[in-house]
Amino acid sequence: MLLEHNVVVKDPLRAGLRFASCYPNLYRSAMSSLGFHIIYDFLNHQENVYCERVVYPHGKSLETGSPLKDFDVVGFSLQYEQDYPHVLEMLREGGLNLRKEDRRPDDPLVIAGGPCASSNPLPMTRFIDLFLVGDGEVILPEFLDKLGELDYPRRDIDAFLDVDGVYIPDNKVKLVQVDDMNDAWRPIKQVYPETDDKGLTPAFGRSFLLEVSRGCARGCRFCMAGCLYRPRREADIKTLIRTAEEGRKATGLDKIALIGGAVSDYSHIEELCRELLQRGFQLTTPSLRVESISKDLLGSLKESGLKTITIAPESIWRLRKVVNKPISDEDIQRTMETAFDMNFNVKLYFLIGLPTETHEDTEDLLNLIRDLEVMAPHPNSVRISINPFIPKPHTPFQWADFNLKDIKTKVKYLKKNVKNRHFKVENPNKSLMQYILSMGNANLGDVIEESSQKQVPLGKWKKLTPHWTMESEFAWKNIDVGVTDEFLLNEYEKALKGDLTPWCEIFGCYNCGACP
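Residues numbered from 1 in each chain as written. Predicted model: local features only at pLDDT ≥ 70, side-chain atom pairs only at ≥ 80, totals over all residues. Heavy atoms only, no water.

J.: What is the right way to look at the overall build of the chain in this model?
T.: Counting secondary structure elements, the chain contains 18 helices and 19 strands. Against the globule reference of 24 Å for 516 residues, the chain gives a C-alpha radius of gyration of 23 Å, in line with a compact fold. Referenced to the eigenvectors of the C-alpha coordinate spread, the extents of the chain come out at roughly 65 × 55 × 45 Å. Relative to its 516 residues, the chain shows a buried fraction of 57%. In the form shown here, the chain has an accessible surface area of approximately 22,400 Å², with 47% of it arising from carbon and sulfur atoms. (Helix = DSSP H or I, 4+ residues; strand = E, 2+ residues; numbered from the N terminus. Rg over C-alpha atoms; globule rule 2.2 N^0.38 Å. Buried < 20%, exposed > 50% of the residue type's maximum accessible area, 1.4 Å probe, protein only. Areas by Shrake-Rupley, 256 points an atom, 1.4 Å probe, with all protein chains shown as cover.)

Structure, rendered in C-alpha cells:
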C-alpha cells in the first residue's frame, strides 16, 4: 500500500462529476509532472467534481480503486508519443472498449490533453473522443459548463465545438493558453509519496514543483515546445516566493524544483534562488541553458546540495547554427570549467541525424566529446547522452526526414569510439517509432492498438513511415498553434543554409505569429 500526503478525499457518490485524470507512464514520472498536479488540484477545487488519479499500468484509481468505466470523464495526459499504447492498456484494464465507435452513449467521455494532444493528436483519434489543445486551466471551466448541459456528452459530441481549445477531428482549433502567469493555476497542496522505493520516488525526489515560466522563444528549430508555447511568460518573483512558502506549509517540503520552458532564462533567476536559499529552501532544476548559466546561479544550486547539472550542446558549431542554438565551443567549455571547479558533475545531451549532417560532422562531434571529456577531473564527472533527432510537427524541421540507416551507421561509429563509462544512446529503432507516432496521421490506429498487446515487428512500423514534402498537406493542418507556416518555412530554409535567427527577446520581433 502506497502512503501519499495531500490526497483529496471526497464522497464519490455525492460528486456531480467523477473525473479520472490518467497518466500513461509510471508513477515516478506522473508525480514529477506539474501538469498532472495542476489538473488534479484545479478540478478538485470545483465543488461538484471529484478528480481521481489513474497511473500506468493500472486501470483503477489511486484514491478509491474505481475502474475507469465508473467515471463520467476519463482524461489522459499525453506527454510522450511512446505512451500511446499505454493509453489503450489502461482503457482495457479499466473496463472500456478501446475504439470510440465501440463505446455506448452512456460510457465515459474519453479526452486527452498535453503537448502531444496540442501538436498532432491524429494518431490517437480512433480512441479519444476529443482533445484539449493548450492549457487545461483555461479550457476546462468552459468545458465543464458544456458538459453539465449534456445528458449524453458522447452522443452530442459536436456541442463541444463551441468551447475554445477543443479539437474534434476534421474541425479547426486554435491553441489556447494562459496569457499572464498571474492567471496560471498554482497547486499548493501537492500530493507526494512517503516511500523508500526508488521506482516510486518522483524524478525530482521529495520536491515542491514551482513553475517560474511557460514557453520559450529562443527559437531552437527542433524544439516542439519552443514553437507551441510562445511567447515566454514569466511569473512575478513575489508570487513565486509566496507560492513556495504556502507550499512548504501545506506539504512540509523544503526542496523546490524550479519548472519552466527555460528555467535559467527567468529574468530574476539569481535573485529568486538567493531569496529561496535565505528562507531555508533547497533547489533543484531540470536542464540549464549554457547562455544563461551564471556563477551566481551555480553557487545557489551548489549550496542546495545539487551534485549534477545538465546542459545540451546538441552538436558541433556548424550544426548548432543549423538548429539555431548559437553557443560556441568556448561557451560550453567555460561553463563546464566553472561547474567542475565547483565540484559539479556534468551531464551532456547531444543529437545525431540533424538536417545537413554528414559523416565528417559525426567525426567532429566525436572530437568535441573527447575534448569535453578531457576537462573532467575524474571519469565519473561527465556523462554523455546521445539521442537521434526526431522531426516534430509545428517546427521548422517538420519538413525534414528521419533516415534510420544513416542514424544507425552514426550510432555504431560513436558507440565504438566514445570511451565514456556513462555513455548512453537512445535505440534508433525506438526513435523511428517515435518519429512515426509524432508525424503520422489517423491511419496509425491499428498499429498502436496492436502494440498495446504485443511487440510489433519493425518492418510493420517502417511501412507506416511518413514522408512529408514541401507540397504536403500536413495531418495537423487544422491545429493552429499561433506560429505561421511562412515563418516555419523561412526558418527551415535558413537552417539549410546555416543562417541564425537571433533571440527575439533581445533582437526584436520576427513576426512568427505567436504574439497578439
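J.: Would you take a moment to explain the packing of helix H12 (residues 359–374) against helix H13 (residues 404–417) for this structure?
T.: Packed helices, taken two at a time, are described by their axes: the angle between them and the distance between them. In contact at an axis separation of 11 Å, H12 and H13 are set at 30° when each is read in the N-to-C sense. For the element pair H12 / H13, the angle class is roughly parallel. In this structure, H12 crosses over H13, and the sense of that crossing is right-handed. Here His359, Thr362, Glu363, Leu365, Leu366 and Arg370 of H12 lie close against H13, whose contacting residues are Lys410, Tyr413, Leu414 and Asn417. When its residues are assigned to classes, the contact of H12 with H13 shows four nonpolar, three polar and three charged. (Axes fitted to C-alpha atoms, helices over the stretch in contact; angles between N-to-C directions. Parallel < 35°, antiparallel > 145°, perpendicular 65-115°, else oblique. Left-handed = near helix turned anticlockwise from the far one by under 90°. Contact = heavy atoms within 4.5 Å. Nonpolar A, V, L, I, M, F, W, Y, C, P; charged D, E, K, R; others polar.)

J.: Please clarify how the sheet that holds strand S14 (residues 282–284) should be interpreted in this entry.
T.: Strand pairing in a sheet is mediated by backbone hydrogen bonds. Such pairs are either parallel or antiparallel. Across the sheet, which stays open at both edges, the three strands sit in the order S10-S13-S14 with parallel pairing between neighbours. Edge strands, defined here as strands with exactly one partner in the open sheet, are strand S10 (208–211) and S14. The sheet shows a mean angle of 35° between the axes of neighbouring strands, taken without regard to direction. In this structure, strand S13 (residues 255–259) lies alongside S14, joined through three bridges in parallel fashion. Note on S14: the bridge partner recorded for Ala257 is Thr284. (Pairing = 2+ DSSP bridges.)

J.: Even after reading the chapter, I still don't get the packing of aromatic side chains, so can you show me in this structure?
T.: Two aromatic rings, taken as a pair, are described by how far apart their centres are and by the angle between their planes. Under the criterion given, the structure shown has twelve aromatic pairs. Measuring from ring centre to ring centre gives 4.9 Å for Phe42 and Trp185, while their planes differ by 80°; the resulting arrangement is edge-to-face. With Phe42 in helix H2 (residues 34–44) and Trp185 in the loop between strand S8 (173–174) and strand S9 (192–194), the pair connects residues that are 143 residues apart, well separated along the chain. Between the aromatic rings of Trp399 and Phe474, the centroid separation amounts to 5.7 Å while the plane-to-plane angle is 55°, which identifies the pairing as tilted. (Phe/Tyr/Trp six-rings, centres within 6.5 Å; stacked < 30°, edge-to-face > 60°.)

J.: Before we go on, may I ask you to explain the packing of helix H11 (residues 329–341) against H12 in this structure?
T.: Running from N to C, H11 and H12 cross one another at 25°; their axes reach a closest spacing of 10 Å. The angle between the axes of H11 and H12 places the two elements in the roughly parallel class. With respect to the hand of their crossing, H11 and H12 are arranged in right-handed fashion. Contacts between H11 and H12 pair Asp329, Ile332, Gln333 and Met336 from the former with Leu368, Asp371 and Leu372 from the latter. Of the residues in the contact of H11 with H12, the class split is four nonpolar, one polar and two charged.

J.: What is the right way to look at the nonpolar core in this model?
T.: Burial of nonpolar side chains together is a common tendency in soluble globular proteins. Within the largest apolar cluster, 129 residues are counted, with the highest numbers of intra-cluster contacts made by Phe76 and Leu258. Each residue touching Phe76, except ones within four places of it in the same chain, is listed here: Cys22, Leu68, Val87, Met90, Leu91, Val110, Ile111, Ala112, Gly113 and Ile128. Met31, Leu130, Ile168 and Val176 belong to the second largest nonpolar core, which has 31 residues in total. (Core = buried A, V, L, I, M, F, W, Y, C linked by side-chain atoms within 4.5 Å.)

J.: Help me out: how do you make sense of the side chain of Asn25 in this one?
T.: Mapped onto the secondary structure, Asn25 falls in the loop between strand S2 (17–23) and helix H1 (27–30). There is a polar contact of 3.1 Å between the side chain of Asn25 and the side chain of Asp83. Ignoring anything within four residues of it in the chain, the contact list for Asn25 reads Val55, Tyr56, Tyr80, Asp83 and His86. (Polar contact = N/O pair within 3.5 Å; in protein donor to acceptor, adjacent residues only side chain to side chain.)

J.: Explain helix H3 (residues 84–93) here, please?
T.: Residues spaced three or four apart along an α-helix point in a common direction, a consequence of the helix completing one turn every 3.6 residues. With seven of its ten residues buried, H3 lies for the most part within the structure. When we look at burial in H3, the residues that qualify are Tyr84, Pro85, His86, Val87, Leu88, Met90 and Leu91.

J.: Just to check I follow, could you spell out the environment of Gln190 for this structure?
T.: As for its position among the elements, Gln190 is in the loop between S8 and S9. On the basis of relative accessible area, Gln190 is assigned to the buried category, the value being 3%. Remark: the alpha-carbon pair of Gln190 and Thr251, spanning 61 residues in sequence, is separated by 6.8 Å. Beyond its immediate stretch of four places on either side in the chain, Gln190 contacts His5, Asn6, Leu34, His37, Ser207, Phe208, Leu209 and Thr251. A distance of 3.0 Å separates a polar atom in the side chain of Gln190 from the backbone oxygen of Pro187.

J.: What am I meant to see in the pattern of salt bridges here?
T.: When the charged atoms of two side chains with opposite charge come close together, those side chains can pair. For the structure shown, the criterion picks out 42 salt bridges. Glu473 serves as the salt-bridge partner of Lys477, at 3.8 Å between the closest nitrogen and oxygen. One salt-bridge network, held together by shared partners, links Glu245, Arg248, Asp254, Glu275 and Arg279. (Salt bridge = Lys/Arg side-chain N within 4 Å of Asp/Glu carboxyl O.)

J.: For this particular structure, what's the right way to read the sheet that holds strand S17 (residues 382–388)?
T.: Strand order in the open sheet formed by four strands is S15-S16-S17-S18, with parallel pairing between adjacent strands. Strands with a single pairing partner mark the edges of an open sheet, and in this sheet they are strand S15 (308–314) and strand S18 (423–425). Here the strands of the sheet are splayed against their neighbours by 20° on average, with no regard to which way each runs. Packing against the sheet, H12 makes contact with strand S16 (345–352) and S17, and its axis sits at approximately 180° to S16.

J.: Sorry, what's going on with a nonpolar patch on the surface here?
T.: There is a patch of nonpolar side chains on the surface, built from Ile506, Phe507 and Tyr510 and spanning about 340 Å² of accessible area. Structurally, Tyr510 is set in the segment after helix H18 (504–507). (Patch = residues over 30% accessible without salt bridge, like charges linked within 9 Å, V, L, I, M, F, W, Y side chains within 5 Å.)

Interpretation in functional terms is not warranted from these geometric data alone.
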